[in-house]
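Given next are the chains, with one letter for each unit.
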Amino acid sequence: WPRYVSKARTWSHLHPNIRQLDHPATQFLDSLRQHGVPVHMKDDPWPIELILERAKRGSHQSTTAHKDFVRDEMADFDDKSFWTVLPLESLLHLPNLRLSPLGCVPQRNRRLRLINDLTFYGVNDNTIKEAPADAMQFGRALDHMLHHIRHANPCYGPVYLAKIDISDGFYRIDLDKYTAPNLAVILPHE
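Values in this document were obtained by computation on a predicted structure and should not be read as measured data. The residue numbers shown here count from 1 along each chain, following its written sequence. At least 70 in pLDDT is required for a residue's local features to be given in this predicted model, at least 80 for side-chain atom pairs to be given and counted, and no such filter applies to totals for whole chains, interfaces and linings, which use all residues. Heavy atoms throughout the structure, all of them, feed into the side-chain values; hydrogens and water do not.

Asker: Which residues make up the overall build of the chain, and what values do they have?
Answerer: The numbering of helices and of strands both runs from the N terminus, where a helix is a DSSP run of H or I of at least 4 residues and a strand a run of E of at least 2. Along the chain, the regular secondary structure elements total seven helices and three strands. Sequence-ordered secondary structure for the chain, helices as α and strands as β, is α-α-α-α-α-β-β-α-α-β. Within the chain, the fraction of its 190 residues that count as buried is 29%. In the chain, the proportion of contacts linking residues at least 24 apart, taken out of those at least 6 apart, comes to 75%. Only the protein chains shown count as cover for residues, and all accessible areas are computed by the Shrake-Rupley method using a 1.4 Å probe. Summing over all exposed atoms, the chain offers an accessible surface of approximately 13800 Å²; the carbon and sulfur share of this is 56%. Under the scheme applied here, a residue whose accessible area is under 20% of the maximum for its type counts as buried, over 50% as exposed, and between as partly exposed, the area being computed with a 1.4 Å probe on protein chains only. Contact criterion: two residues are considered in contact whenever any of their non-hydrogen atoms come within 4.5 Å of each other.

Asker: So, the packing of aromatic side chains: which residues are in play, and what are the values?
Answerer: Here a Phe, Tyr or Trp ring, Trp counted by its six-membered ring, pairs with any other such ring whose centre lies within 6.5 Å, and the pair is stacked when the planes are under 30 degrees apart, edge-to-face when over 60, and tilted otherwise. Under the definition given, this model contains three aromatic pairs. Here W46 and Y121 contribute two aromatic rings whose centre-to-centre distance is 6.2 Å and whose plane-to-plane angle is 90°, an arrangement assigned as edge-to-face. Placement of the pair is W46 in the loop between helix 2 (26–35) and helix 3 (48–57) and Y121 in the loop between strand 2 (110–116) and helix 6 (123–126), with a sequence separation of 75 residues. Residue Y121 is classed as buried on the basis of its relative accessible area of 16%.

Asker: An account of the side chain of T63 is needed here, citing residue identities and associated values.
Answerer: Note on placement: T63 falls in helix 4 (residues 61–64). Owing to a relative accessible area of 0%, T63 belongs among the buried residues under this scheme. T63 has contacts with V70, L102, G103, C104 and P188, leaving out every residue within four places of it along the chain.

Asker: Please set out the nonpolar core residue by residue, giving values where relevant.
Answerer: Take the buried residues of types Ala, Val, Leu, Ile, Met, Phe, Trp, Tyr and Cys, join any two whose side-chain atoms come within 4.5 Å, and each joined set is a nonpolar core. In terms of nonpolar packing, the biggest core is built from 15 residues, with W46, I51, L97, L99, V123 and L183 touching the most fellow members. At the level of secondary structure, the elements contributing two or more residues to this core comprise helix 3 and strand 3 (184–186). Core analysis: the next-biggest nonpolar cluster, separate from the first, contains eleven residues, F69, M74, L102 and V185 among them.

Asker: Talk me through unusual backbone geometry; I want residue IDs and the actual numbers.
Answerer: You will see that S81, though not glycine, has its phi angle at about 65°, which is positive. Structurally, S81 can be placed in the loop between helix 5 (67–79) and strand 1 (99–107). Given the relative accessible area of 16%, S81 is considered buried.

Asker: Please provide a residue-by-residue account of helix 3, values included.
Answerer: Of the positions making up helix 3, those classed as buried are I51, R54 and A55. Seen end-on, helix 3 carries its buried residues on one side only, within an arc spanning 105°. Exposed positions of helix 3 whose direction lies more than 90 degrees from the buried face are E49, E53 and K56. Immediately beyond the C-terminal end of helix 3, within one or two residues, lies G58, with a positive phi of roughly 90°. Of all possible arcs, the one meant is that of the directions from the helix axis to the C-beta atoms.

Asker: Provide a residue-level description of the confidence of the model for the chain, including the pertinent values.
Answerer: Per-residue confidence for the chain gives a mean pLDDT of 86; residues scoring 70 or more make up 86%. Scored from 0 to 100, pLDDT reflects the predictor's confidence in each residue. Within the chain, helix 1 (residues 2–8) has the poorest average pLDDT of any element, 67, and helix 3 the best, 96.

Asker: Account for the sheet that holds strand 2, naming residues and giving values.
Answerer: At least two DSSP bridges between two strands are needed for those strands to be called paired. With respect to topology, three strands assemble into an open sheet ordered 2-1-3, the strand pairing being mixed. The sheet terminates laterally at strand 2 and strand 3, the two strands that pair on one side only. On average, each strand axis in the sheet is tilted by 45° relative to the strand beside it, whichever way the strands run. In the sheet, strand 1 pairs with strand 3 via three bridges, with the strands oriented parallel. For L99, the partnering residue across the bridge sits in strand 3 and is A184. Note on definitions: angles span 0 to 180 degrees between N-to-C directions of axes, and those axes are lines fitted to C-alpha atoms, for helices only across the stretch in contact. Sheet contacts for helix 5: strand 1 and strand 2; angle to strand 2, the most-contacted strand, approximately 70°.

Asker: Kindly report on the pairing of strand 1, identifying the contributing residues and their values.
Answerer: Here strand 1 runs beside strand 2; their pairing, made up of five bridges, is antiparallel. Bridge pairing links G103 to I115 in strand 2. From the end of strand 1 to the start of strand 2, which pair antiparallel, there are two residues, and N109 there has a positive phi angle of about 60°.

Shown next, in the form of structure tokens:
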């Protein structure tokens, strides 16, 4: 499994010189670049009978009506090395395999969005939180931007802002190849 994942991956979306940044998170980010995000669990590995039972139940019913979209989206993710689509039989030997249902969420005036329902079988609740506590800072971003705009050096000209939405942003950082099966999803049955 790890050898297959290493061959399937193309490159990290994190820059190889990220460690040279003057920032407290550079060592953490460089570790993610080299090894991927680890996914460690609090609960015991799932027995094969439970995996097969959950695989038989399948993905969320919302995917049934949108099988073509799911197929095309997963093929695109596979081409981009965001996901690896494999038959269940080839994964049953993995010691840390868990299956979560895949779902489709409609969005107003936009295309559907796939979701991995990691709450359905308790995968989220059993995932050990390993990111640094200060990695997710929300609530004061506007204050910080306004401060920087107000105190920008005028010799550089006017301040311009850009809002960028990175398509499939969470898929641009690899998972650790040894623990990635903890986040496997069930595709709709054909």
